[in-house]
Amino acid sequence: MKAIGIYLVIKEIKEKPSKTKGGLLLTDKLKEDIRYRKGLVKSVGDLVKGVKTSDNIFYDKHAGFNIELDDDIYLVIKQQDVVIVLWEN
């Protein structure tokens, strides 16, 4: 699969539950008020700048639409919906 134009195909990265300093377990359900989600870029359109395949990004959770391919769900978003590209150390 190949994204075109200003679109990116990403796979959402599900966050594992985390604990607060006080010991409370925060699950995805409790994190619903957080606006941005983490994803792995699978394909980048030819007009996208600053993002490449296999980058980890944060994107607006209200962005894009889902596509099912080979029993996997992918999200197609526009370049403008990417807010952060995470750097590898």
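Quick notes on the rules
- Residues numbered from 1 in each chain as written.
- Predicted model: local features only at pLDDT ≥ 70, side-chain atom pairs only at ≥ 80, totals over all residues.
- Heavy atoms only, no water.
- Helix = DSSP H or I, 4+ residues; strand = E, 2+ residues; numbered from the N terminus.
- Buried < 20%, exposed > 50% of the residue type's maximum accessible area, 1.4 Å probe, protein only.
- Patch = residues over 30% accessible without salt bridge, like charges linked within 9 Å, V, L, I, M, F, W, Y side chains within 5 Å.
- Areas by Shrake-Rupley, 256 points an atom, 1.4 Å probe, with all protein chains shown as cover.
- Salt bridge = Lys/Arg side-chain N within 4 Å of Asp/Glu carboxyl O.
- Pairing = 2+ DSSP bridges.
- Axes fitted to C-alpha atoms, helices over the stretch in contact; angles between N-to-C directions.
- Contact = heavy atoms within 4.5 Å.

## What to know about unusual backbone geometry
And step 1. We note that Asp70 has phi near 55°; this positive angle belongs to a residue other than glycine.
And step 2. Counting through the fold element by element, Asp70 comes out in the loop between strand 6 (65-69) and strand 7 (72-78).
And step 3. A positive phi angle is found at Asp71, which is not glycine, with a value near 65°.
And step 4. Its relative accessible area of 71% is what places Asp71 among the exposed residues.

## Focus on a nonpolar patch on the surface
And step 1. Together, Met1, Ile6, Tyr7, Leu47, Phe65, Ile67 and Leu69 line one region of the surface with nonpolar side chains, adding up to about 630 Å² of accessible area.
And step 2. Broken down by element, the nonpolar patch gets its largest block of residues, three residues, from strand 6.
And step 3. Checked against the element boundaries, Ile67 lands in strand 6.

## Examining the sheet that holds strand 7
And step 1. Reading across the sheet, the six strands line up as 6-7-1-4-5-8 and stay open at both edges, with antiparallel pairing between neighbours. Two strands close off the open sheet at either side, each with one partner strand: strand 6 and strand 8 (82-86). Taking the axes of each pair of neighbouring strands and ignoring which way they run, one obtains an average angle of 40° across the sheet.
And step 2. Here strand 1 (residues 7-12) runs beside strand 4 (residues 36-44); their pairing, made up of five bridges, is antiparallel. Looking at the pairing, Ile10 lines up with Val41 of strand 4.

## Some remarks on the side chain of Asn56
And step 1. Relative to the elements of secondary structure, Asn56 occurs in strand 5 (residues 56-60).
And step 2. Accessibility expressed as a relative area gives 18% for Asn56, which makes it buried.
And step 3. With residues up to four places along the chain from it excluded, the contact list for Asn56 reads Ile13, Lys38, Gly39, Leu40, Ile84, Val85, Leu86 and Glu88.

## Topic: the pairing of strand 5
Successive side chains on a regular strand alternate, one facing one side of the sheet and the next facing the other.
And step 1. Here strand 5 lies mainly inside the structure; four of its five residues are buried.
And step 2. One ladder, built from five bridges, connects strand 4 with strand 5; its direction is antiparallel. Among the inter-strand pairings, Gly39 is bridged to a residue of strand 5, identified as Ile57.
And step 3. In this sheet, strand 8 lies alongside strand 5 in antiparallel orientation, the contact comprising four bridges. When the bridges of strand 8 are listed, Phe58 appears paired with Ile84.

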